[in-house]
Every structure is written in structure tokens, then in C-alpha cells.
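# Per-entry structural report
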Amino acid sequence: MLYQRSSQLFAEAEKVIPGGVNSPVRAFKAVGGTPIFVKSAKGAYLFDEDGNKLIDYINSWGPMILGHAFDPVVNAVIERAKLGTSFGMPTALETEIAELAVSMVPNIDKIRFVNSGTEACMSAIRLARGYTKRDKIIKFAGCYHGHSDSFLIQAGSGAITFGAPNSPGVTQGTAKDTLLAKYNDLENVAELFAANPNEIAAIIIEPVAGNMGCIPPQKGFLQALRELCDKNGTLLIFDEVMTGFRLAKGGAQELFGVKADIVTFGKVIGGGLPVGAFAARNEIMNYLAPLGPVYQAGTLSGNPLAMAAGLEMLKALHTDAGVFQRLEEKTAYLEKGIREKLTANNIKFTINRVGSMISVHFDESPVTDLQSASKGDNEYFKKFFHGLLQEGIYIAPSAYETWFITDALTYEDLDFTIKAVDKVTKQF
Ligand code: KE4
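This is a predicted model, so every value here is computed, not measured. (Residues numbered from 1 in each chain as written. Predicted model: local features only at pLDDT ≥ 70, side-chain atom pairs only at ≥ 80, totals over all residues. Heavy atoms only, no water.)

For the chain, the assigned domains are domain 1 (4-69 + 323-425) and domain 2 (71-319). Measuring from the centre of the C-alpha atoms in domain 1 to the corresponding centre in domain 2 gives 25 Å. Surface buried jointly by domain 1 and domain 2 totals about 2800 Å² across both partners, of which 70% is contributed by carbon and sulfur atoms. Applying the counting rule to domain 1 against domain 2 returns 10 residue pairs in polar contact (both at pLDDT 80 or more). Those elements that place two or more of their residues in the side of domain 1 that touches domain 2 are helix H12 (323-344), strand E11 (350-354), strand E12 (357-361) and helix H13 (370-373). (Domains from an automatic or database assignment. Buried area = accessible area lost by both parts, 1.4 Å probe. Polar contact = N/O pair within 3.5 Å; in protein donor to acceptor, adjacent residues only side chain to side chain. Helix = DSSP H or I, 4+ residues; strand = E, 2+ residues; numbered from the N terminus.)

The next subject is the UniProt feature "modified residue: N6-(pyridoxal phosphate)lysine" (unreviewed entry) in the chain. The positions UniProt marks with the feature "modified residue: N6-(pyridoxal phosphate)lysine" (unreviewed entry) are Lys267. Secondary-structure assignment places lysine 267 in the loop between strand E9 (262-265) and strand E10 (276-280). (UniProt positions renumbered as here; feature names shortened; annotations may be inferred.)

With 112 residues, the main nonpolar core has Tyr57, Phe140, Phe245 and Leu317 as its most contacted residues. Residue contributions to this core peak at nine residues, all from helix H11 (residues 304-319). Residues from two domains meet in this core; each of domain 1 (4-69 + 323-425) and domain 2 (71-319) gives at least three. In this view, phenylalanine 140 contacts Gln154, Leu180, Ala181, Lys182, Tyr183, Val189, Ile203, Ile204, Ile205, Phe221 and Leu225; residues no more than four positions away in its chain are not counted. (Core = buried A, V, L, I, M, F, W, Y, C linked by side-chain atoms within 4.5 Å. Buried < 20%, exposed > 50% of the residue type's maximum accessible area, 1.4 Å probe, protein only. Contact = heavy atoms within 4.5 Å.)

In this section: the side chain of glutamine 253. Looking at where glutamine 253 falls in the secondary structure, it is placed in helix H9 (residues 251-256). For glutamine 253, a relative accessible area of 2% corresponds to the buried category. Within polar-contact distance, the side chain of glutamine 253 engages the backbone nitrogen of alanine 260 at 2.9 Å. Beyond its immediate sequence surroundings of up to four residues, glutamine 253 is in contact with Val105, Pro106, Asn107, Phe238, Glu240, Val258, Lys259, Ala260 and Val263.

Right, let's get into the pairing of E9. On E9, burial covers both faces: Ile262 and Thr264 on one face and Val263 and Phe265 on the other are all buried. As defined by bridge partners, strand E8 (residues 235-239) adjoins E9 across three bridges and the pair is classed as parallel. The residue of E9 that forms the bridge with phenylalanine 238 is valine 263. Read from E8 through H9 to E9, the crossover connection turns out right-handed. (Pairing = 2+ DSSP bridges. Right-handed = clockwise from strand over helix to strand, strands pointing away.)

Below is the structure:
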């Protein structure tokens, strides 16, 4: 695979865009080499500027669960654009997607749309603080909730890759209100409550972590957090930007049977257009302006093109009874195939998976939190990443990310991928 055109484009981009990218994880810093510039995509495939065809296991970091350029979404956006692209006024379309989302997700009465997952999580925290009249939050080391200041404290995703657990620009005044816990460590969370009685507004958690690789919650962990929150008058926020509408129609709340007080969304809910959202029962959401005192706003929130895309995506997931089962079966098939090849090639590895979220860690000890996720052999991961790329397989350019499986993948694609894993891990 040659990447001359991507290299040229990257050199041009670097002159006018910081690092040549509009989001750091795209820069290949964790794996080295030149980021791939994509020209188009359809279904499970990317077509880059050098004419290479790649099987896509990132899918825009989650949104393309039904494949790229999903016809109902594309057609809806085209038709909607002809009617005007933004009004800054309410449209019936926003009510239609809100009603559908509320019908799909448990324990929510109302939903507010914003423009990104960051904005959804940032707003959810403000709402929780306003509702409880408390300042402190608990987040988990390695979890990523977007780049707003309260979260850039031992964040996951690109923040790990850059070894910048506490980003410059985040003030001590902000950082002091963010308490850090270890994922899957209930005792640690209980200690934070004991040390900060009646001060904690919310726990925010990725119910399945996807920003330190994929890390499942240990059995009972989420329910135990629910009980700790109830005991302490604290709100439980599920950051479902990744898991929402991916792990089940009702996301992680449905999958694990645990009730969150506020749920945040992104990625899938926008069908590939910029949409985030946060939702809760009436007594919490009615605290939001213009009804209540907690302010939150956005010029392009509920943008008609984005709503049109999101509505078609949710409709497809709502009406296709077999989609989540197919995603489970395809990802389990991929996991089985990769396990067999890595074992046969004497590679030290751990694979974590929940539904269509999966990650490969090059260390044989269990990966249950940031510390254990950091023990992986990142040098080997780099070879694995580039080896697969040369075989036409595009996985996340960092060991601290999860792969996102799309229903557009065929079993032939999966077999091709498993064969490529075998070839690459025989070489190194
Ligand atoms: P955005 O602001 O990037 O739309 O969403 C932030 C966010 C919030 N919560 C979770 C659980 C997330 O995974 C994300 C964003 N995920 C990363 C991938 N690890 C987006 C990729 C990027 O930063 O470019």
C-alpha cells in the first residue's frame, strides 16, 4: 500500500491546521507514520486518496454502525438540505427524533440535543451540579468524556496517547472538583464518598470503557455505583456516547439493567453528522433553561440536517429487530478468529469485548482499568497496526481505543481480516 498522496496532503494540512488534523487521535502519533487521507467510503470500506481500499474498524469512532454512506441517511440529508440548512428556530423534526430516542432508551422523559459528545457530557455535569447544588464529580482514570476542562484529568483516548493526563489550560480551580477513581474499583469510589460527604454531585462513567481500549464493567460494579449514588444523594451519569444505540437499542442501561440518572449520547445518534444529546427523567431535565435555572444553549443544536441523519439512523436501528444480534455474532466471530491466530502464533495478548466493541491488548494479564491497560506492548501494537494497514485493514491508530464493528461487514471481510492478523503476527 502506498501513501504518497496522503503524505502530500498531510504536509499541506500541517501548514494551516495544528498537527494537520482537527482531532489529535487522527494524527497517528501513537503509531507513527502519516495519517491516511480518506477520499470516500461506502459500507465497510474506506477509499483513500492513494486509491487504496481499506476495511474500516473505526467507522468514524463509532457512528457508522450500519456502514458508511448509509442510503437512508444520505438521501434524508440531501432532501432536507433543499429545505434550508439551519434556522435557529424549532422544527417538527427535532420533536420526531426526540420522541423516538425517548421511546428507545429506558428511564428518560426528555432529551436535549447538542453538537458533540463533549457538549453533551459538559452539559450533563452542569445540570447535575445545578440539580444537586454540589460541586464535586467523580470520573474514572482512563475514561474520556470529551475535552471540556472538568474531564481532562487523567482522561482516556488521545489524552493518554499524548501522556498529557492533566492538559495545560485546566485550572487548579477546576481540577479540584474532579475526583479520580479507578475503573472497576468500588472500594476506591466508596473512599471518595467518605472523604467528601454530601459534596459529590455526580459520578460520570463510561458503562463500558472504550477509551483505554475496551474495558467491560466487572459483574455488579455498575449496580453497586447505583446504590452508592442513591445512598449519597449523588446522580449517576452514564456517558453512552460510544455505547448508546450500539450495545442495544436502549444502550448500556438496557444491556446491564442498571438505571442512570442522566445519559449522554453522541456518535450513532447523529448518523455521522455532528449530534450529541443528554437525557434524564423530567424532574432533572426540567432544571434546564428556559424551564429552569441551569443554562445551556447552542446555535446549531437540533440542526435540521443533523436531525434528519440521526432520525434515519435511529429508525433503522429501531425497526431492524436483528441488527444487534448480527453485530454480536459478527464481532464474536472476529474475536474467535483473532484469538485462534494469536494463540497459534504464540503472541501474548488479551482481548476485551462487549457486543460490537472490541480491543486487542498485547499483554496476557487481564485489562480491567487504566493501569492494566497501560501494560500493553505498545511497540508491538505499532507493528500490528501498520502490518494490518499494509494488508488493507484499518484499525484504531492507538492501543487506547476500541474497535467499532459495523453491520456492513460481511463474513468474507471478517475472514480476510483474520487471515491478515495471522500473516502479520507470523512476521513479528
Ligand atoms: P466528541 O466531543 O468527540 O463528539 O465526544 C467526546 C466523547 C465523549 N464520551 C465518550 C465515551 C467518547 O468516546 C467521546 C469521544 N470518543 C473519541 C474516540 N475515543 C472521539 C475521537 C476523537 O477524539 O477524535
